[in-house]
Amino acid sequence: TRRNATLFAVNPLVFLVAALIGYLFGSFPTGYFAGRLWGIDVRKHGSGRTGGSNVLRSAGWGAFAVTGLGDLFKGSLANLLVKFLLPDATDAHAFAVYFVLLGHVWSVWIALMAKPDPRVAIQPGIAGAIQSLAERGRGGAGVAPTVGAILVLFPPLVAIVAIFPLAALILSGYSSVGSLTASVIAPVVMLYFALTGSAPWSYFIVISAACVTIIVLHAPNIARLRAGTERRFGQRLGRKTIKSSEKES
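Residues numbered from 1 in each chain as written. Predicted model: local features only at pLDDT ≥ 70, side-chain atom pairs only at ≥ 80, totals over all residues. Heavy atoms only, no water.

Help me out: how do you make sense of the packing of aromatic side chains in this one?
Each aromatic ring pair is characterised by the separation of its centres together with the angle its planes make. One pass over the structure, following the stated rule, counts 12 aromatic pairs. Pairing Phe95 with Phe99 gives two aromatic rings, centres 5.0 Å apart and planes at 50°, and the pair type is tilted. Taken together, the positions of Phe95 and Phe99, both in helix H6 (residues 90-105) and four residues apart, correspond to about one turn of that helix. Since its relative accessible area comes to 28%, Phe95 is described here as partly exposed. On the basis of relative accessible area, Phe99 is assigned to the partly exposed category, the value being 21%. Arranged with centres 6.4 Å apart and planes meeting at 85°, the rings of Tyr98 and Phe99 form a pair that is edge-to-face. Site record: aromatic cluster; members linked through ring pairs are Phe15, Phe95, Tyr98 and Phe99. (Phe/Tyr/Trp six-rings, centres within 6.5 Å; stacked < 30°, edge-to-face > 60°. Helix = DSSP H or I, 4+ residues; strand = E, 2+ residues; numbered from the N terminus. Buried < 20%, exposed > 50% of the residue type's maximum accessible area, 1.4 Å probe, protein only.)

Honestly, the side chain of Arg57 in this entry has me stumped. Any pointers?
For Arg57, the position within the fold is in helix H4 (residues 52-59). Excluding residues within four positions of it along the chain, Arg57 makes contact with Ser47, Arg231, Gln235, Arg236 and Leu237. (Contact = heavy atoms within 4.5 Å.)

Looking at this model, I keep getting lost on the pattern of salt bridges. Mind explaining?
Think of it this way: side chains of opposite charge can pair up when their charged atoms draw near. Within the structure shown, the criterion is met by four salt bridges. Put simply, Arg43 and Asp41 hold a salt bridge, and the shortest N to O gap is 2.9 Å. Of the charged contacts in the structure, one is a salt bridge between Glu230 and Arg224, with a shortest N-O distance of 2.8 Å. What makes Glu230 buried here is its relative accessible area of 10%. (Salt bridge = Lys/Arg side-chain N within 4 Å of Asp/Glu carboxyl O.)

Even after reading the chapter, I still don't get a nonpolar patch on the surface, so can you show me in this structure?
Judged by side-chain polarity, Leu13, Leu16, Leu20, Leu24, Trp109 and Leu112 come together as a nonpolar surface patch covering roughly 620 Å² of accessible area. For the nonpolar patch, the secondary-structure elements that each account for two or more residues are helix H2 (12-26) and helix H7 (108-113). With four residues, H2 is the largest single contributor of residues to the nonpolar patch. With respect to the helices and strands, Leu24 occurs in helix H2. (Patch = residues over 30% accessible without salt bridge, like charges linked within 9 Å, V, L, I, M, F, W, Y side chains within 5 Å. Areas by Shrake-Rupley, 256 points an atom, 1.4 Å probe, with all protein chains shown as cover.)

Would you explain the nonpolar core in this entry?
If you look at the biggest cluster of nonpolar residues, it comprises 32 residues, and the most contacted ones within it are Ala92, Leu153, Phe154, Leu157, Met190, Tyr203 and Ile207. With six residues, the single largest contributor to this core is helix H12 (residues 175-195). Ignoring sequence-local partners within four residues, the contact set of Phe154 consists of Met190, Phe193, Ser198, Ala199 and Tyr203. One finds Ile40, Val55, Ala59 and Ala63 within the second-largest nonpolar core, a separate group that totals six residues. (Core = buried A, V, L, I, M, F, W, Y, C linked by side-chain atoms within 4.5 Å.)

This is how it looks when you write it as structure tokens:
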């Protein structure tokens, strides 16, 4: 098994398969479809993202529950599939986690559903595809699907870390504070497991990269927290705001 793991670790095709599976599952826009079940296009309200926080603000607790569970499930399912297809490719299992995050943050499906903006010039070829994905494919910050993927990759990490963001959320009232807390603590805990030989170093590297990415994606939230304008967890958008957004679109 150790020899197989080494062979897999140097095979680019294995990582490509893991990346594609992670990205395609991660990019499924759960929040968009959950909002639609409640008659709301969450892309037109609040932050315009399809993550759980904006779904809650725009469409309510029911849509939020569907989004949260769906995002956890898609992350878990992606890693389960990678583990099933590539049982000995330990490093690729971790690799898939990061691409679940990337898929959720920049979703090809959301980009395809978005209406082109005539004011934005799209470059030809691959550069244009990347530009279009970056500008039109904005999903959520990726916390829930990443947690789902890590839950399959290395359950002890989720079991230990979970209490800290929950406590931060309860004490502060901000979901972004909970997400940032988890992103700071998870790499530290994962480092312990790597140092003690309880987990591969690839787990620490990928999970650290995912947490840094999530922190960077929360830069607007950090700015609003400092300015005192961040919305509290569960705070709904006013009905006037939603109706106004629908008229403008």
